[in-house]
2 protein chains.
Amino acid sequence: MTPASQPPRTREGSVLEASRSDDRGYQSDPTTVSLAVSTVIFALRPRPKTGLMTLWIPLVRRIRQPHKGLWALPGGPLGAEEDLAEAARRALRDTTALTPKYLEQLYAFGTVDRSPRDRVVSIVYWALVESAEASAASESDNVQWFEADSIPTLAFDHNTIVEYALWRLRTKLEYTRIAHAFLGETFTLAQLREVHEAVLGKELDPANFRRTIEASNTVVPTESRLAGTRHRPPRLYRSAEKPDRGPFTHHGGPH
Amino acid sequence: MTPASQPPRTREGSVLEASRSDDRGYQSDPTTVSLAVSTVIFALRPRPKTGLMTLWIPLVRRIRQPHKGLWALPGGPLGAEEDLAEAARRALRDTTALTPKYLEQLYAFGTVDRSPRDRVVSIVYWALVESAEASAASESDNVQWFEADSIPTLAFDHNTIVEYALWRLRTKLEYTRIAHAFLGETFTLAQLREVHEAVLGKELDPANFRRTIEASNTVVPTESRLAGTRHRPPRLYRSAEKPDRGPFTHHGGPH
DNA sequence: ACAAAAGTGTTGGAGGTACACCCATGT
DNA sequence: ACATGGGTGTACCTCCAACACTTTTGT
């Protein structure tokens, strides 16, 4: 019996992003519902002191009311000619200047009072960014990375959203191959295990991890090995083609 | 390795409901994105000939353009003072005049061209309705129940949405106790098994089903038994309190 | 040679499927 | 008495956690 995946019922703020261009802190027409798209971005980065890889999330500082000065999820209003995922990707590009290796819709948050004056419905996505790139990601006064375990108080209901995204990431890691999104073209099983350990926050048995992964057919071994270690050189693997299928390819075609 | 739960990328219509009050078939302001909420409603009802319980979905006939005359999911525009789930519940009440025992957000559909002229983002919910009530549900010229396995061609991308909802229902049935939502206060294990069989579309071993359910602690036995059968009277069960927990109660508290 | 991580083998427990069998009631 | 589903027992199989053990490199 696994946990239910009912998302939170929040009673807090909205998702007007820091980079919004108009200066009003409220909606002119109170009968209108406005639509925004935000993205929870995950990447693995080394923890400053220990150098150990952990989960990080970039946040943007709000430069307008409401919640001016607080950190918030990157996002913005949905463009009329823009798909939802495109908008999420744009939020990601604007803050981190990176391209996600994985992007999925998380949930639509829309309680009436989540923003103080506006009525905003936020469609939230979550994204995974390759570790190598994430290290070189832009950081500034208004954009900063935080460890997923120690997120400050955020604007609106964004703390709740981040928690939910974290839960989804951890849950989904166990039954899909999204972990590959954190890694490059080829990787060792130790590196893949490191990703799992960082996300789940616990150590895994190398022997059993190997067998579990091998049995899942999510990776294919290459001929090359990683040299330069001061021990036996580990084999490099690539991500398997695309055994990842949505619900439709399942019962859509012949069984 | 279970299937990934990436929803479809549709390239079709929107979700303007049949009961919408304005008569325009398009949006006045082309730069505005409008927001609608629809609901996929599930109930178990006996199949006409065989009497065997199967999955049914109520649909409404579109009485306006676009897609006038086609069947579509019940839904409507989101009210400014209305939570998303409320709007979904309203759609359900208006069509079936019933209260859902279970209601959960499915997905937000928002590709640019899903509606011919408008730009509509639909936040779709799915709901379960008690079988007993569903039998007495209202049906009219513009509201009709269809078997989940034989849905006609629907307006917009609603066929895709229904397929996705079906997939979610079947998947979630296996690791939660949502099956209870189809049943009344008390029920026999045979009835619960009948629900599972109807949703999954295959027979289950009564002996093993019993043990699986008992081990899951999702039901509690009562003292009463069901009489009037022409065999040994089966024990009645109730749904367990609330071992159903969202992601937050999980890692929100101490581990 | 030795440290260190890669990689293999082995065992025991948990859980799930198949199926034989007994139990209690209405007719 | 007997048909019918309720309910129990059990053997087997697969998957997974734990951990001992062997292999291959750099120093």
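First, a word on what this report is: a plain description of the structure on this page. (Residues numbered from 1 in each chain as written. Chains lettered and ligands numbered in written order. Predicted model: local features only at pLDDT ≥ 70, side-chain atom pairs only at ≥ 80, totals over all residues. Heavy atoms only, no water.)

**With respect to the overall build of chain A**
So, step 1. When its secondary structure is counted, chain A shows six helices and 10 strands.
So, step 2. The buried share of chain A, reckoned over its 255 residues, is 53%.
So, step 3. Considering only contacts within chain A whose residues lie at least 6 apart along the sequence, 67% involve residues at least 24 apart. (Helix = DSSP H or I, 4+ residues; strand = E, 2+ residues; numbered from the N terminus. Buried < 20%, exposed > 50% of the residue type's maximum accessible area, 1.4 Å probe, protein only. Contact = heavy atoms within 4.5 Å.)

**Observations concerning the sheet that holds strand 9 (residues 219-225) of chain A**
Strand pairs in the sheet, formed through backbone hydrogen bonds, run parallel or antiparallel to each other.
All names here are of chain A.
So, step 1. The three strands are arranged 8-10-9 in an open sheet whose pairing can be described as antiparallel. The sheet terminates laterally at strand 8 (186-188) and strand 9, the two strands that pair on one side only. Ignoring strand direction, the axes of neighbouring strands in this sheet form an average angle of 45°.
So, step 2. As defined by bridge partners, strand 9 adjoins strand 10 (residues 235-239) across four bridges and the pair is classed as antiparallel. If you follow proline 221 over to strand 10, its bridge partner there is tyrosine 237.
So, step 3. Strand contacts of helix 4 (residues 189-200): strand 8, strand 9 and strand 10, with the helix running at about 80° to strand 8, the strand carrying the most contacts. (Pairing = 2+ DSSP bridges. Axes fitted to C-alpha atoms, helices over the stretch in contact; angles between N-to-C directions.)

**Regarding the protein's contact with DNA strand C**
So, step 1. Taken together, 19 residues are adjacent to DNA strand C, and A:Arg210, A:Arg211, B:Asn208, B:Thr229 and B:Pro233 come closest.
So, step 2. Expressed as a percentage, the sugar and phosphate content of the atoms of DNA strand C within 4 Å of the protein is 61%.
So, step 3. For DNA strand C, a base nitrogen lies 2.8 Å from a polar atom in the side chain of B:Asn208.
So, step 4. At the level of secondary structure, the elements contributing two or more residues to the surface near DNA strand C comprise helix 4 and helix 5 (206-216) of chain A together with helix 5 (206-216) of chain B.
So, step 5. Of the residues that constitute the surface near DNA strand C, the class distribution is five nonpolar, four polar and 10 charged. (Near = heavy atom within 4 Å. Polar contact = N/O pair within 3.5 Å; in protein donor to acceptor, adjacent residues only side chain to side chain. Nonpolar A, V, L, I, M, F, W, Y, C, P; charged D, E, K, R; others polar.)

**Description of the packing of helix 4 (residues 189-200) of chain B against helix 5 of chain B**
Residue and element names in this part refer to chain B.
So, step 1. Contact geometry of helix 4 with helix 5 gives a least axis separation of 10 Å together with a crossing angle of 100°. It follows that helix 4 is roughly perpendicular to helix 5 by the angle criterion. Along the contact surface, helix 4 presents Leu189, Leu192, Arg193 and His196, while helix 5 presents Pro206, Phe209, Arg210 and Ile213.
So, step 2. Tallied by class, the residues present in the contact of helix 4 with helix 5 amount to five nonpolar, one polar and two charged. (Parallel < 35°, antiparallel > 145°, perpendicular 65-115°, else oblique.)

**Let's talk about the pairing of strand 10 (residues 235-239) of chain B**
So, step 1. Bridging between strand 8 (residues 186-187) of chain B and strand 10 of chain B involves two bridges; their strand directions are antiparallel. Bridging from a neighbouring strand, B:Thr186 pairs with B:Arg238 of strand 10 of chain B.

**Here's the deal with the environment of B:Ala97**
Residues and elements named next belong to chain B.
So, step 1. Residue position: alanine 97 is located in the loop between helix 1 (84-96) and strand 5 (102-109).
So, step 2. Under the relative-accessibility criterion, alanine 97 is labelled exposed at 58%.
So, step 3. C-alpha separation for the pair alanine 97 and alanine 137, spaced 40 residues apart in sequence, amounts to 7.0 Å.

**Section: the nonpolar core**
So, step 1. Counting 128 residues, the largest nonpolar core has A:Phe42 and B:Phe42 as its most contacted members.
So, step 2. Residues in contact with A:Phe42, not counting those within four places in the same chain, are A:Leu55, A:Trp56, A:Ile57, A:Trp126, A:Ala127, A:Leu128, A:Val129, A:Ala165, A:Leu166, A:Leu169 and A:Phe182. (Core = buried A, V, L, I, M, F, W, Y, C linked by side-chain atoms within 4.5 Å.)

**A short note on the packing of aromatic side chains**
So, step 1. Overall, the coordinates contain 12 aromatic pairs over all chains when judged by the stated rule.
So, step 2. Plain terms: the ring middles of A:Tyr107 and A:Phe109 are 5.1 Å apart, the flat faces sit at 70° to each other, and that makes the pair edge-to-face.
So, step 3. For A:Tyr107, a relative accessible area of 7% puts it in the buried group.
So, step 4. Pairing B:Tyr164 with B:Trp167 gives two aromatic rings, centres 6.0 Å apart and planes at 10°, and the pair type is stacked. With B:Tyr164 and B:Trp167 both in helix 3 (residues 158-173) and three residues apart, this pair spans about one turn of that helix.
So, step 5. Accessibility expressed as a relative area gives 9% for B:Trp167, which makes it buried. (Phe/Tyr/Trp six-rings, centres within 6.5 Å; stacked < 30°, edge-to-face > 60°.)

**Section: the protein's contact with DNA strand D**
So, step 1. Near DNA strand D there are 19 residues, and of these A:Asn208, A:Arg232, B:Arg210, B:Arg211 and B:His231 occur at the shortest range.
So, step 2. Expressed as a percentage, the sugar and phosphate content of the atoms of DNA strand D within 4 Å of the protein is 57%.
So, step 3. A:Arg211 is positioned such that a nitrogen or oxygen atom in its side chain is 3.2 Å from a base nitrogen of DNA strand D.
So, step 4. Contact distances for DNA strand D include 2.9 Å between a base oxygen and a side-chain N or O atom of A:Arg232.
So, step 5. Taken together, the residues that form the surface near DNA strand D break down as five nonpolar, four polar and 10 charged.

Limitation: the analysis is restricted to geometry and does not speak to function.
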